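# Overview (structure and organization)
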Amino acid sequence: MARVGLTVERLVAAAADMADEVGLDRVGISALARRFGVRDASLYSHVRSLDDLRTRLALHAGAELIDRIAVAVAGRAGKEALTAFAGAYRAYALEHPGRYAATQIRIDQDLVVGSPALRRTAEITYGMLRAYGLDEPDLTDAVRLLRATFHGYCVLEAAGGFGAARPVAESWDKAVDALHLALEHWPREPKNDD
């Protein structure tokens with residue numbers, strides 16, 4: 001077979017496109033090799049395994065997502081930042097369903113620590129929440145609330161899970177308003193004076 005200039009970056013980008021087209025669960029080494037017109041073995045000089053490919057895809061998609069969020073929240077604080085963050089998150093999840101699914105893959109913590117994109121995600125998310133006056137452990141709890149709400153909403157919306165006549169976007173806006181109120185009136189952990 002002819003050489004096609006395979007690189008890790010090209011494989012991950014193709015895997016990301018494939019995930020959006022056919023679903024993350026259908027992205028495999030053989031399917032990706034067919035896309036490039038090469039044998040499976042040709043890919044193993046670039047990725048160690050399917051898990052390695054999916055981890056790289058998760059990191060790639062996470063970087064794309066936080067880049068979009070960073071642009072949206074730049075120069076904003078409080079409710080305005082939360083609304084921009086939420087909108088960028090939802091848009092990415094709906095426009096790139098396979099990539100978004102990859103962002104939900106659990107990644108080895110050693111890779112998380114070494115990933116600039118994932119560190120940036122934490123910095124931007126925690127930075128936005130600090131405008132609400134939150135400190136640990138409340139920051140972690142608030143991040144989990146936002147992630148669970150955004151993820152659940154996006155997954156349900158993508159699956160057509162909202163059947164009521166009210167426009168889904170209007171319900172989304174109300175959910176973000178409710179999150180803002182919850183963050184403003186956060187039940188803070190008592191300070192330990194010891």
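Here the structure is shown first, and the text comes after it.
What comes next is a walk through the structure. Since this is a predicted model, take the numbers as computed values, not measurements.

## A short note on the overall build of the protein
For the protein, the count of helices and strands is 10 helices and zero strands. In the protein, the succession of helices and strands from N to C terminus is α-α-α-α-α-α-α-α-α-α. The buried share among the 194 residues of the protein stands at 39%. Residue pairs in contact within the protein that sit at least 24 positions apart in sequence constitute 65% of those at least 6 positions apart. Here the protein displays about 10,900 Å² of accessible surface, and carbon together with sulfur accounts for 53% of that area.

## Structural notes on the nonpolar core
Counting residues in hydrophobic clusters, the biggest one holds 35 residues, and the most contacted among them are I69, L82, L129, F150 and L183. Of all the secondary-structure elements, those providing two or more residues to this core are α4 (50-73), α5 (78-95), α8 (116-130), α9 (138-158) and α10 (168-184). Top element by residues in this core is α5. It accounts for nine residues. Once residues within four sequence positions are removed from consideration, L129 is found in contact with L134, L139, A142, V143, L146 and L183. By size, the runner-up hydrophobic cluster in this structure holds 21 residues, among which are A14, L24, V27 and L43.

## Some thoughts on the environment of V71
Inspection of the secondary structure puts V71 in helix α4. For the pair V71 and A122, spaced 51 residues apart in the sequence, the C-alpha separation amounts to 15 Å.

## Here we look at the side chain of E157
Position of E157 among the secondary structure elements: in helix α9. Apart from residues no more than four positions distant in its own chain, E157 is found in contact with R90, L94, F162 and V168.

## Let's talk about the environment of M18
Locating M18 in the fold gives a position in helix α1 (residues 8-22). Sequence separation between M18 and D138 is 120 residues; the distance between their C-alpha atoms is 38 Å.

## Topic: the packing of aromatic side chains
If you walk through the whole model with that rule in mind, you get six aromatic pairs. Relative to F150, the ring of F85 has its centre 6.1 Å away and its plane inclined at 35°; by these criteria the two rings are tilted. Of the two residues, F85 sits in helix α5 while F150 sits in helix α9, which places them 65 residues apart along the sequence. Each of the two residues, F85 as well as F150, counts as buried. Ring geometry for Y153 against W172: centres 5.0 Å apart, planes inclined by 70°, an arrangement best described as edge-to-face. On the criterion of sequence distance, the pair formed by Y153 in helix α9 and W172 in helix α10 is long-range, its members being 19 residues apart. Residue Y153 is classed as buried on the basis of its relative accessible area of 11%. Using a relative accessible area of 5% as the deciding quantity, one classes W172 as buried.

## A look at the pattern of salt bridges
Applying the stated criterion to the full structure yields 12 salt bridges. For R56, the salt bridge is made with D52, and the minimal N-O distance between the two is 3.2 Å. Taken together, the residues R56 and D52, both in helix α4 and four residues apart, mark about one turn of the helix. What makes R56 partly exposed here is its relative accessible area of 29%. By relative accessible area, D52 is classed as buried at 8%. Taking the shortest distance from any N to any O, the salt bridge between R99 and E64 comes out at 2.9 Å.

## Here's the deal with α8
In a regular helix each residue adds 1.5 Å, so 15 residues correspond to 21 Å; α8 covers 21 Å between its end C-alpha atoms and thus fits that length. Among all positions of α8, only A117, I124, T125, Y126, M128 and L129 are buried. Buried-residue contacts for α8 involve α4, α5, α9 and α10.

## Some thoughts on unusual backbone geometry
In this structure, P137 follows E136 across a cis peptide bond, with omega equal to 5°. For P137, the position within the fold is in the loop between α8 and α9.

How each quantity is defined
Residues numbered from 1 in each chain as written. Predicted model: local features only at pLDDT ≥ 70, side-chain atom pairs only at ≥ 80, totals over all residues. Heavy atoms only, no water. Helix = DSSP H or I, 4+ residues; strand = E, 2+ residues; numbered from the N terminus. Buried < 20%, exposed > 50% of the residue type's maximum accessible area, 1.4 Å probe, protein only. Contact = heavy atoms within 4.5 Å. Areas by Shrake-Rupley, 256 points an atom, 1.4 Å probe, with all protein chains shown as cover. Core = buried A, V, L, I, M, F, W, Y, C linked by side-chain atoms within 4.5 Å. Phe/Tyr/Trp six-rings, centres within 6.5 Å; stacked < 30°, edge-to-face > 60°. Salt bridge = Lys/Arg side-chain N within 4 Å of Asp/Glu carboxyl O. Expected span 1.5 Å × (residues − 1).

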